Amino acid sequence: MSGRKVPRITNLWSKVEDEENGAWLSKVTIESTKAYAYEATSLENGIMIKGKGVVINMPEGIIGVHDGLLREVNIKHDDNDYATMEIIQEYPAEFRLAAVEGFPFRLEAAFDRSYLRGLLGGKKIVVDPGHGGSDKGGKGPVSLLEKNVVVPIAKNLEETLLRAGADVLLTRRTDQDLSREERYNLAVQAGADAYVGIHTHASADSSVGGAASLYNPFNQQSVTLARFIQEGLVQKIKVADRGITSLPELSALGEIPAVEVEVVAITNLVEEVFLRGLTIQERAAEGIFNGLIKYFALNGCTLKVS
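All values reported here derive from a predicted model rather than from experimental measurement. (Residues numbered from 1 in each chain as written. Predicted model: local features only at pLDDT ≥ 70, side-chain atom pairs only at ≥ 80, totals over all residues. Heavy atoms only, no water.)

A word on the environment of Gly140. Position of Gly140 among the secondary structure elements: in the loop between strand E11 (124-129) and helix H2 (146-163). For the pair Gly140 and Glu260, spaced 120 residues apart in sequence, the C-alpha separation works out to 19 Å. Sequence-distant contacts of Gly140, that is, excluding residues within four places in its chain, are made with Ile266 and Glu272. (Helix = DSSP H or I, 4+ residues; strand = E, 2+ residues; numbered from the N terminus. Contact = heavy atoms within 4.5 Å.)

Time to look at the packing of helix H4 (residues 221-237) against helix H6 (residues 278-297). Orientation of H4 relative to H6, taken along the N-to-C sense of each, is 145°, at an axis distance of 7 Å. The crossing of H4 and H6 is right-handed. Along the contact surface, H4 presents Gln221, Thr224, Leu225, Phe228, Ile229, Glu231, Gly232, Leu233, Lys236 and Ile237, while H6 presents Ile280, Arg283, Ala284, Glu286, Gly287, Ile288, Asn290, Gly291, Leu292, Lys294 and Tyr295. Residues belonging to the contact of H4 with H6 are distributed by class as follows: 10 nonpolar, 6 polar and 5 charged. (Axes fitted to C-alpha atoms, helices over the stretch in contact; angles between N-to-C directions. Left-handed = near helix turned anticlockwise from the far one by under 90°. Nonpolar A, V, L, I, M, F, W, Y, C, P; charged D, E, K, R; others polar.)

A word on the pattern of salt bridges. One side chain can pair with another of opposite charge once the charged atoms of both are near each other. Under the defined criterion, the tally for this structure stands at 17 salt bridges. In this structure, Arg113 and Asp67 form a salt bridge, with 3.6 Å as the shortest nitrogen-oxygen distance. Highlighted residues: Arg113 in the loop between strand E10 (105-112) and helix H1 (114-120) and Asp67 in the loop between strand E6 (61-64) and strand E7 (70-77), separated in sequence by 46 residues. On the basis of relative accessibility, which here comes to 11%, the residue Asp67 falls in the buried class. A salt bridge links Arg276 to Glu272; the nearest nitrogen and oxygen atoms lie 3.2 Å apart. If you follow the salt bridges from partner to partner, you end up with Lys15, Glu17, Lys27 and Glu108 in one network. (Salt bridge = Lys/Arg side-chain N within 4 Å of Asp/Glu carboxyl O. Buried < 20%, exposed > 50% of the residue type's maximum accessible area, 1.4 Å probe, protein only.)

Okay, the environment of Val264 next. Residue placement: Val264 occurs in strand E16 (residues 258-265). Residues Val264 and His201 lie 63 residues apart in sequence; the distance between their C-alpha atoms is 6.0 Å. With residues up to four places along the chain from it excluded, the contact list for Val264 reads Thr200, His201, Gly210, Ile237, Val239, Glu271, Leu275 and Ile280.

On to the packing of aromatic side chains, then. Considering all chains together, one arrives at 6 aromatic pairs under this definition. Relative to Tyr38, the ring of Tyr36 lies with its centre 6.4 Å away and its plane at 75°, an arrangement referred to as edge-to-face. What makes Tyr36 buried here is its relative accessible area of 9%. Centroid distance Tyr295 to Phe296: 5.0 Å. Interplanar angle 75°. Geometry classified as edge-to-face. Members of the aromatic cluster, joined through ring pairs, are Tyr36, Tyr38 and Phe105. Taking NZ or CZ as reference, Lys50 lies 4.5 Å from the ring centre of Tyr82, over its face. The ring of Trp24 carries the charged tip of Arg113 above its face, separated from the ring centre by 4.4 Å. (Phe/Tyr/Trp six-rings, centres within 6.5 Å; stacked < 30°, edge-to-face > 60°. Lys NZ or Arg CZ within 6 Å of the ring centre and 35° of its normal.)

Strand order across the open sheet formed by 5 strands is E5-E1-E2-E10-E9, with mixed pairing between neighbours. For this open sheet the edge positions go to strand E5 (55-56) and strand E9 (95-100), each flanked by a neighbour on one side alone. (Pairing = 2+ DSSP bridges.)

Here the focus is the nonpolar core. Ranked by internal contacts, the top residues of the largest apolar core, which has 69 residues, are Leu157, Leu161, Ile198 and Leu292. Sequence-distant contacts of Ile198, that is, excluding residues within four places in its chain, are made with Val127, Asp128, Pro129, Gly130, Val150, Ile153, Ala154, Leu157, Val261, Val263 and Ile288. (Core = buried A, V, L, I, M, F, W, Y, C linked by side-chain atoms within 4.5 Å.)

Running from N to C, H2 and H6 point in directions that differ by 50°, and their axes come no closer than 8 Å. As judged from the angle between their axes, H2 and H6 are oblique. Helix-helix and strand crossings are classified by hand; for H2 and H6 the assignment is right-handed. Taken together, the residues of H6 that come into contact with H2 (itself represented by Val149, Pro152, Ile153, Asn156, Leu157, Thr160 and Leu161) are Gln281, Glu282, Ala284, Ala285, Ile288, Phe289 and Leu292. Looking at the contact of H2 with H6 residue by residue, the classes come out as 10 nonpolar, 3 polar and 1 charged. (Parallel < 35°, antiparallel > 145°, perpendicular 65-115°, else oblique.)

Pasting the structure below:
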């Protein structure tokens, strides 16, 4: 077989999407120069797709997905001249494979995200964009204000949580004054299963950067929630990990698992620029969402939570 006729895998990507029939899917798409024979087998925590005599014309190794349902894809050649794509799941999901003819040829693996609705469905989650109104919060070296940038992150998180069936309360949608006491009262009155405050870090040292998650010291489950959210956030936005720590003010929420997330440091010039983009606003919400999934799955998941 001449080199020109050998199928070559040139690209692999993933996305979460809705279908017209209401299905909510995690989809992995594998692009190649031409069609090839393939087979799929189930793994303990995912699936393996194998193609015989296929060349991989892209970097081999692990590609992180971290979309709440899928963890990663490991693409490589094995010793028997097969191209293998191992798609690793965080949680159980039915899947289907579909071949899309054309150039490039596409092999699509679609995973049903319904399991996530079982984890988050009916959970009451309060999402609190920090500051607002006369309280500007932190200010970036150029001009960005914390009170403004946390709102789109919170709205993105709300949208994803609602898609997963959660009952979401956003404390503010506009630039309004709202005291800490008023925010906490909303969470208490709602009987929240979790409270997530959205913030950015402000420091006199402009070299300080990265994400941190602050937890309610009165409620021990808040430590677990903070750890999972911090892990999910750092995975998605790829910034320095400043870790988790207690925030005494959150004790006012009593037994409600509560976290304030400092997405990045707004006083760091690089991270201020980063914050202006839609990408970080979406990915930060995705990372927080992933942490909430792990938190609510902790006592009932059939796959290992790591």
